[in-house]
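Here is how the chains run, residue by residue.
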Amino acid sequence: MIEKLNDAPRMLAEAKLRPVQGDRFQPTGFAELGAATYELADGTRKLLVESSQSMANRLEAAVMTPDGEIIPELEGLSYVRANLEGDAQVKTTTLLEAHRLNSPYIISQEDFLNRFLEDAGYRSAGLIDWTRLAKTLFKYDVNSLLHGIFLSNVKKEGKKDARMRIPRAVSAFIEASDVNEAVSGGVKNNPLDPQGRLRTEAEQRDVYSNVPYTRTEYTAGDIRAYFNIDLARLRSYDLGDTATDLLVNLALFKIRRFLRTGLRLRTACDLATEDGIRATAPEGVSIPSEDGLLVELREQIDACADMFASPPVTELGVDVVLKKS
């Protein structure tokens, strides 16, 4: 671990961002709410550009190939691949699934569930052994220790047990200050029939006519991405120095890679860093480069090989059926 982080409860970092072109950008929107604007006590107008939930997904995607596998540079890290068979012929992984190991395609498989619970020392009547659970998560899906997991789908002896829950150790969000709306609009044109009366036999819905619409983007005096790594939580898992260092470096590598490759958040929200990333707590911490972190990660992955499942990618065959309406 970076020496100055050894006794720190957390590491905080931030990066100043700007639109790559012009001044306007499109924030995240919420159902029945729209953009999340708010005001501080001093009257400063703020805007949530990207939520912590969305940022967790983006940090996970930073080390994932388009088909849901780990990028080749990090081969050797643990995760689970489920090969769906029956009414669907497709695969998914704990990197791709929204709830990681708690995906019903994975945790509902009895053989894997029994193996997982045995490794975790689970007993339906008794306390959860959190250290042993952390080691089991490290073994099968190391990313669950960074991004959190709620094993609400665990069912034993016909009953669910939702006690196994680990919060995120890495959290992030993007917010803007001194914001103002930039309202514009447009129209979806039908050059053949603006009134929408000319239709096909197969499609009779009102989707043909000209449709005007409004659009709200924002400008800001300042846009920043904020990152928080809960070092105390990672140390509490008692995984050993090398495994803990691996988790910290993996978190930093994801952050570095996200800032380099993942800042096109939406069609009208394409951002770039102004001066890189800097640690704000503890003082005096210098965040290694992406290449430097990767060198350390490769060494730590090799050193932790015995702590991962063998092979590190656990393969499951899963029978699925299409639900009848």
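Just so it is clear, the structure is predicted and the values come from calculations on it, not from any experiment.

Asker: How would you sum up the overall build of the protein? Please name residues and give values.
Answerer: Counting its secondary structure elements, the protein contains seven helices and 16 strands. Projecting the C-alpha coordinates of the protein onto the three principal axes gives extents of approximately 65 × 60 × 40 Å. Burial analysis of the protein (325 residues in total) assigns 45% to the buried set. Averaging the coordinates of the 41 positive side-chain charges in the protein and doing the same for the 49 negative ones gives two points 4 Å apart.

Asker: I'd like a description of the packing of aromatic side chains, backed by residues and values.
Answerer: For the coordinates displayed, the defined rule picks out five aromatic pairs. Ring geometry for F112 and F116: centres 6.2 Å apart, planes at 35°, overall tilted. With F112 and F116 both in helix α2 (residues 110-119) and four residues apart, the pair spans about one turn of that helix. The pair formed by F112 and F116 is uniform in burial state, with each residue classed as buried.

Asker: Which residues make up the packing of helix α6 (residues 241-261) against helix α7 (residues 290-303), and what are the values?
Answerer: Two quantities define a packed helix pair, namely the angle between the helix axes and the distance between the axes. Between α6 and α7, the shortest axis-to-axis distance is 9 Å and the interhelical angle comes to 145°. The way α6 lies across α7 gives a crossing that is left-handed. Taking contact as the criterion, the partners of T242, D245, L246, N249, L250, L252, F253, R256, R257 and R260 in α6 are, on α7, E290, L293, L294, E296, L297, Q300, I301 and A303. Across the contact of α6 with α7, the residue classes tally to nine nonpolar, three polar and six charged.

Asker: I'd like a rundown of α7, residues and numbers included.
Answerer: Between its first and last C-alpha, α7 extends 20 Å over 14 residues, near the 20 Å set by a 1.5 Å rise per residue. Residues of α7 that are buried: E290, L293, L297, Q300 and I301. All buried residues of α7 project into a common sector of 100° when viewed along the axis, lining one side. Facing away from the buried side of α7 by over 90 degrees, the exposed positions are D291, V295, E299, D302 and A303.

Asker: A description of empty space enclosed by the protein should follow, citing residues and the corresponding values.
Answerer: A full pass over the atoms with the stated rule returns one cavity of 30 Å³ or more. Around the largest cavity, the lining residues are M11, A13, F227, N228, I229, L252, I255, I277 and I287. Within the residue set of the lining of the largest cavity, elements represented by two or more residues are β1 (11-19), β13 (222-229) and α6. The element contributing the most residues to the lining of the largest cavity is β13, with three residues.

Asker: Kindly report on the environment of T244, identifying the contributing residues and their values.
Answerer: Relative to the assigned elements, T244 resides in helix α6. With 66 residues separating them along the chain, T244 and D178 place their C-alpha atoms 39 Å apart.

Asker: I'd like to hear about the sheet that holds strand β3 (residues 45-50), residue by residue, with values.
Answerer: The strand order across the open sheet formed by seven strands is β2-β3-β10-β13-β1-β15-β14, and the pairing between neighbours is antiparallel. Of all strands in the sheet, those with a lone pairing partner are β2 (36-39) and β14 (264-266), marking the two edges. Across the sheet, the mean angle separating the axes of adjacent strands is 35° when strand polarity is ignored. Across the sheet, helix α1 (residues 52-61) is in contact with β3, β10 (170-177), β13 and β14; its angle to β10 comes to roughly 120°. Packed on one face of the sheet, α6 meets β1, β10, β13, β14 and β15 (269-281) and runs near 160° to β13.

Asker: Please provide a residue-by-residue account of the layout of surface pockets, values included.
Answerer: Computed from the structure, the largest pocket encloses a volume of approximately 220 Å³. Looking at the lining of the largest pocket, its residues break down into five nonpolar, four polar and three charged.

So, how was this worked out
- Residues numbered from 1 in each chain as written.
- Predicted model: local features only at pLDDT ≥ 70, side-chain atom pairs only at ≥ 80, totals over all residues.
- Heavy atoms only, no water.
- Helix = DSSP H or I, 4+ residues; strand = E, 2+ residues; numbered from the N terminus.
- Buried < 20%, exposed > 50% of the residue type's maximum accessible area, 1.4 Å probe, protein only.
- Lys, Arg positive; Asp, Glu negative; His and termini not counted.
- Charge placed at Lys NZ, Arg CZ, Asp CG, Glu CD.
- Phe/Tyr/Trp six-rings, centres within 6.5 Å; stacked < 30°, edge-to-face > 60°.
- Axes fitted to C-alpha atoms, helices over the stretch in contact; angles between N-to-C directions.
- Left-handed = near helix turned anticlockwise from the far one by under 90°.
- Contact = heavy atoms within 4.5 Å.
- Nonpolar A, V, L, I, M, F, W, Y, C, P; charged D, E, K, R; others polar.
- Expected span 1.5 Å × (residues − 1).
- Arc of directions from axis to C-beta.
- 1 Å grid on protein atoms, 1.4 Å probe; cavity = no way out; pocket = protein on both sides within 12 Å on 5 of 7 lines; lining within 4 Å.
- Points joined across faces, edges and corners; volume = space filled by probe spheres on them.
- Pairing = 2+ DSSP bridges.

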